[in-house]
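One-letter residues, chain by chain:
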Amino acid sequence: MILSVSNASFSYDGITKQFDDISFSLEKGEVFSLLGKNGTGKSTLIKCILNILALQRGAVEINGRQVADMRPEEVARQVGYVPQTHHAIFPFSALDFVLMGRTPHISTFAVPKEEDYEKAEEALRRIGITHLREKPVSEISGGEAQMVMIARALAQEPSLLILDEPTSHLDIGNQMRTIAAIDSLAADGITILMCTHFPDHAFLVSHSAAILEGGRLIANGPAGDVITKENLREAYGVDICVHYIEEAERMVCVPVNPCGCRAGGRPGDPGTVRQGGVTGC
Amino acid sequence: MNRGEETGCEDEGGVVINPPQMSTGGGVSIGETIRRIIPAGKAIYLLPVALFIFSLFFGRYMMDPVETLRILIIGSANTLLDWGSSLLSILSDQQVILPSFEQTWGASEQTVIFRIRLPRVVAAMLVGGGLSIAGASFQGLFRNPLVSPDILGVSAGAGFGAALGILLSGNPMVIQVSAFVFGIVAVSVAYCIGRTVGRGSTLVLVLGGIIVGSLFSAFISLTKYVADPYDTLPAIVFWLMGSLSAVSNADIIAIAPPILIGSLCLFLVRWRINLLAVGEEEARALGVDTKWMTMVLVIASTVVTASAVCISGIIGWVGLVVPHIGRMLVGPDFRKLIPVSAVLGASFLLIVDDIARTLSAAEIPLGILTALVGAPFFAYLLTRKKVGWIS
């Protein structure tokens, strides 16, 4: 078992619980999607797993060791973290940026060695972005930045990779490329935990999924069992169809016209109700 | 990128290093040879060496460059031999006199070089280099290229300390110690605010610095208000504008160790500063103990800045702009930026101080000149080269 979270509870102010008594565990090479609406505590849970925030009760174990007892660089040797976005201030080159992933393997007063450069180059190759190596991270596109951050996490040589909404800021093409990259990393034996706002993406790559709602996991198990119409309605408060689509050859999640949007999206009558000038919900 | 780096270095070298005396005699072939032996990226490290020698013979009392070098080397050797003699005498309990070189120059040259110019030149390099390293580190730590070393209130604190010293005693020693102590006190208070209110977040740390800075600025105004307008008030005002005119060898011996040790600390953690510059949370996730690292950077930068400010007064601009110039030359990577900032800062303040002491019979305060010289130069650089953080 790579990651085991048991009876985890956390609160920022000691009164209102962000989440309470959460337990789940991940095996080697497993892809796990954590779903839930905005502000439900997914990112907080990630920070607790990374030991950036300390749990109030419960424990997080990585490869059998409690993260609470581990030093930051020990955690970073086991767990790679890909944040939602990177706000680049200084124009580091992509190679230098990926090289930063080697930090947990470098002692405090040292600088990266030849071996670290090789590992960083290897991570760039693995993700297929060697062409970006000299480009400043402040000047590349959002999709490229996501790949560079995944490469940086890979340079840590982690056994667990945590991604915080890896597809939220990307166009649909880059979303799929990111999902494909995640899938191929899992095939190499890296365990993946990702937060996502797209139950659809969970179907594409996940072996298992869980939904965080109201501070607890309302569902946890194989993706097909968790991502159901009932669970999604409870989590997001809108009706979502879960269907197998022949043409796409997979299960998809599609929200039903949630509040009577007037354009409706019906085939054959595009724009019939445009006169009103209202297009949104 | 390498191309630009090279031209950047060469340009600067060409403009600043060569005094007229040196550029006689077969410049091209020598220049070519030098360029082949020393890679362009490293050439910049020769800049302060050249400026150091230049600043020793250049001044209102102009000296011969070769003679200056001779005096410097033989004079230093004699001083070392003197020290050796007394050390051996103490150790062996009898009078030992090591041989020494003959002094072929006059007492005035001796005084000008060893008593007046050398401490001043060394002080300019220490202060300029130190402020620049501290500025570069703070810009990384706070992820903000507009941050200067006094963001946490060290200058305001030191300024108040100095003003208080001038008001109460007037003894230069007291003024310096008071400036140093209050500089450290100001940053400690800012750090405590950041630590207790913001749980170590750098944003709250900056707010703490702003609070403390404005508080001490008010204290400075208060001391000015109560100071004697014909005696202590001008002294306070002049101190706040910064100057190296009164620096002695004893000052150098006092401030060199803290500046060098603090700078060495910052140099050693230069890779970790990269991580902090990328983001606190990301740095933490990449295994950096950010709280500890923040503390190291704040302490080291503050010791360096407070040591510099306590002998030079408040010299703005250097710590803010020199790291930018460094970034234009070698990019944002702190592995290169820290040493390059030190070298550029030392060179920059040396040039400015040369101007300050030679331009007119009266000393021009450094704080005025750093901006007068630096601002147009920086504006020129901005127009000439693309800067990463301006899109």
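What you see is a predicted model, and the numbers here were worked out from it, not measured in a lab.

**Quick look at the nonpolar core**
Across soluble globular proteins, nonpolar side chains have a tendency to be buried as a group.
Next up, step 1: Membership of the largest hydrophobic core comes to 185 residues, with the highest contact counts inside it found for V98(A), V148(A), A151(A), I162(A), I182(A) and I192(A).
Next up, step 2: Top contributing element to this core by residue count: helix 6 (residues 107-141) of chain B, with 16 residues.

**Points about the sheet that holds strand 3 (residues 31-35) of chain A**
Residue and element names in this part refer to chain A.
Next up, step 1: Across the sheet, which stays open at both edges, the 6 strands sit in the order 6-7-8-3-9-10 with mixed pairing between neighbours. Single-partner strands in this sheet number two, and they are strand 6 (79-82) and strand 10 (216-222). Strand-to-strand, the axes of this sheet are offset by a mean angle of 15 degrees, without reference to chain direction.
Next up, step 2: Pairing analysis gives 4 bridges linking strand 3 to strand 8 (residues 191-195), with the strands arranged parallel. Within strand 8, the position partnered with L34 by the bridge is C195.
Next up, step 3: Lying on the sheet, helix 1 (residues 42-49) is in contact with strand 3, strand 7 (160-164), strand 8 and strand 9 (208-213); it crosses strand 7 at an angle near 150 degrees.
Next up, step 4: Across the sheet, helix 6 (residues 172-187) lies against strand 3, strand 7 and strand 8, angled at about 150 degrees from strand 8, the strand it touches most.

**Let's talk about the interface of chain A and chain B**
Next up, step 1: Counting from both sides, the interface comprises 25 residues of chain A and, opposite them, 22 residues of chain B.
Next up, step 2: In terms of residues, the side of chain A that touches chain B owes the most to one element, helix 2 (residues 72-78) of chain A, which gives 4 residues.
Next up, step 3: Of the residues in the side of chain A that touches chain B, the class split is 19 nonpolar, 4 polar and 2 charged.

**Remarks on the sheet that holds strand 2 (residues 19-26) of chain A**
Across a sheet, paired strands are connected by hydrogen bonds in the backbone, their directions being either parallel or antiparallel.
All names here are of chain A.
Next up, step 1: If you trace the 4 strands from one edge of the open sheet to the other, you get 2-1-4-5, paired in antiparallel fashion. A single partner strand is all that each edge strand has here, and the edge strands are strand 2 and strand 5 (65-66).
Next up, step 2: Of the pairings in the sheet, the one linking strand 1 (residues 3-10) to strand 2 comprises 5 bridges and is antiparallel in character. Considered in strand 2, the bridge of L3 is made with L26.
Next up, step 3: Here helix 1 sits on the sheet in contact with strand 1, strand 2 and strand 4 (57-62), set at roughly 120 degrees to strand 1.

**A short note on the domain arrangement of chain B**
Residues and elements named next belong to chain B.
Next up, step 1: We note that the domain assignment places domain 1 (48-105) and domain 2 (127-384) within chain B.
Next up, step 2: Taking the mean C-alpha position of each, domain 1 and domain 2 sit 32 Å from one another.
Next up, step 3: The interface of domain 1 with domain 2 comprises 6 residues on the first partner and 8 residues on the second.
Next up, step 4: Of the residues in the side of domain 1 that touches domain 2, the class split is 3 nonpolar, 2 polar and 1 charged.

How each quantity is defined
Residues numbered from 1 in each chain as written. Chains lettered and ligands numbered in written order. Predicted model: local features only at pLDDT ≥ 70, side-chain atom pairs only at ≥ 80, totals over all residues. Core = buried A, V, L, I, M, F, W, Y, C linked by C-beta atoms within 7 Å. Buried ≥ 20, exposed ≤ 12 C-beta atoms within 10 Å, placed from the backbone. Helix = DSSP H or I, 4+ residues; strand = E, 2+ residues; numbered from the N terminus. Pairing = 2+ DSSP bridges. Axes fitted to C-alpha atoms, helices over the stretch in contact; angles between N-to-C directions. Contact = placed C-beta atoms within 7 Å. Nonpolar A, V, L, I, M, F, W, Y, C, P; charged D, E, K, R; others polar. Domains from an automatic or database assignment.

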